[in-house]
Amino acid sequence: MMPPLTAKDPGLTPLAKKLAGRIAARGPVTLHEYMEACLYDPGHGYYKKRDPLGRAGDFITAPEISQVFGELIGLWAGETWCIAGQPQEVRLIELGPGRGTLMADALRALRVLPGFLQSASVHLVETSAPLRALQERALSSIRCPVSWHERIEEVPAGAAIVIANEFFDCLPVRQIAFDEAAQLWRERMIGFEDGRFEFELSSKGVEVPRHPVSPGIEDGAIVEVRPGAAEILRTFAARAAVAPLAALVIDYGYSQPSSGDTVKAVRQHRFAGLFEAPGEADLTAHVDFSDLVQSARELKLDALGPMPMGEWLLRLGLEARVRQLLACVTAEDAIEIRSRVSRLVGPAQMGVLFKAVVFTGGGLGRLPPF
Ligand code: SAH
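Calculation criteria
- Throughout, a residue's number is its position along its own chain's written sequence, starting from 1.
- Only residues with pLDDT of at least 70 get local features here, since the model is predicted, and only at 80 or more are side-chain atom pairs given and counted; chain-wide, interface and lining totals rely on the full set of residues.
- For side-chain calculations, the full set of non-hydrogen atoms in the structure is used, while hydrogens and water are omitted.
- For two strands to pair, DSSP has to find at least two bridges joining them.
- Per the convention used, a helix needs a DSSP run of H or I reaching at least four residues, while a strand needs a run of E reaching at least two, with both numbered from the N terminus.
- Note on definitions: angles span 0 to 180 degrees between N-to-C directions of axes, and those axes are lines fitted to C-alpha atoms, for helices only across the stretch in contact.
- Whenever Lys or Arg places a side-chain nitrogen within 4 Å of a carboxyl oxygen from Asp or Glu, that contact is recorded as a salt bridge.
- Three labels apply to residues, based on accessible area from a 1.4 Å probe with only protein chains included: buried if under 20% of the type maximum, exposed if over 50%, partly exposed otherwise in between.

### Things to note about the sheet that holds strand 13 (residues 282-284)
Next, step 1: Spatial ordering of the open sheet is given by 12-11-13, a layout of three strands whose pairing is antiparallel. Unpaired on one side and paired on the other, strand 12 (270-272) and strand 13 mark the two borders of the sheet. Put simply, the sheet's adjacent strands are angled 45 degrees from each other on average, direction ignored.
Next, step 2: As paired strands, strand 11 (residues 264-267) and strand 13 are joined by three bridges and run antiparallel to one another. Directly across from Ala265, in strand 13, lies its bridge partner Leu283.

### Structural notes on the pattern of salt bridges
Next, step 1: Within the structure shown, the criterion is met by 15 salt bridges.
Next, step 2: The partner of Arg188 in a salt bridge is Asp261, and the shortest N-O contact between them spans 3.8 Å. Within this pair, whereas Arg188 is found in strand 7 (residues 184-193), its partner Asp261 is found in the loop between strand 10 (245-254) and strand 11, the two being separated by 73 residues in sequence.
Next, step 3: Between Glu319 and Arg338 there is a salt bridge whose closest N-O contact spans 3.6 Å. Note that Glu319 is positioned in helix 12 (residues 318-326) and Arg338 in helix 13 (residues 331-345), a separation of 19 residues in sequence.
Next, step 4: Glu319 sits in the partly exposed class, given a relative accessible area of 33%.
Next, step 5: We classify Arg338 as partly exposed; its relative accessible area is 35%.
Next, step 6: Look at the salt bridges and you will find they share partners, linking Glu71, Asp105, Arg108 and Arg321 into a network.

### Here we look at unusual backbone geometry
Next, step 1: Geometrically, the link from Gly305 to Pro306 is a cis peptide bond, its omega value of 10 degrees lying close to zero.
Next, step 2: Position of Pro306 among the secondary structure elements: in strand 15 (residues 302-308).
Next, step 3: Geometrically, the link from Pro368 to Pro369 is a cis peptide bond, its omega value of 5 degrees lying close to zero.
Next, step 4: Mapped onto the fold, Pro369 is located in the segment after strand 16 (354-361).
Next, step 5: A positive phi angle, near 70 degrees, is found at Lys300, a position not held by glycine.
Next, step 6: Tracing the chain through its elements places Lys300 in the loop between helix 10 (289-298) and strand 15.

In structure tokens:
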């Protein structure tokens, strides 16, 4: 049998050692604190160090699969701008823009809309220095001003169209578990014993954040809460209080209130153990769309959707755009394009698990294709 690892063991990642030291000094951390350290620790956090996307990285996203994705989002943004009355200044904000591919494809498609690029400024909210460098390269030839921000609160006020693809799923979650005997909820914490991280429950009960917990909830049932998502919604509401706002959120997750542990570590296109390599694997959890929609409505925003991503893309005119593309490529490329597009819309692929929801306010109401 392998001897247990200690905090000094060379087999632990640098961040694992740091976390083990913190737990030894101050006691167990919440899952939320663990995820936050794994993703954003200034020296070792997953999103601080690398480009996680693509074949050589850990996962792939819709804009990296097909250009049609970003192009349709561009046209959606253009239509939204028209419905808002073509404001002379519009901020096109992207949260977590990855390699900048979505924005580059969107802006290319928007060239067909007279006046848009003259009115737009692009604001990229990104914490990762390596990804900022890639975004700068991807957007080097565009004709409107581009700026980078650490947080959405830094983006100046004004009419805004926000795009967030696979951004909310990487915001850390808390998990609370129901203790039937004590009739209370406990926080899921992470300790470090015998050289290993392990889950434990807080000894004290925690307040239940608003969540439609069903009356028949079972002992041990886990509910996930994402404080960062609520914070972003509050910034949407603050913007909408003074100017038109439309915010498109696309991610994977569930539409109905749901319980269960959805936190996953992903490394090199495979699931990894949550404690296997802190700081070296992406950590993500399903997005609770019903909670987002309910929170948004409480903040006086309108919420459209969620709608399965496949259906949303088809309603935006995916087929017509694909036909245009196919008209000018070889038969071999046509097969490749078709297969990539089916990956986006196929019900067993990304088409149903991923969903689109749009939050509007500041005078903007219903928007197509809802
Ligand atoms: N939207 C892109 C990338 C998704 S990966 C795409 O579809 O390809 C998640 C992105 O969000 C990365 O760019 C990551 O660096 C960024 N990110 C993660 N957490 C963030 C945070 N708290 N604030 C700003 N950006 C963040």
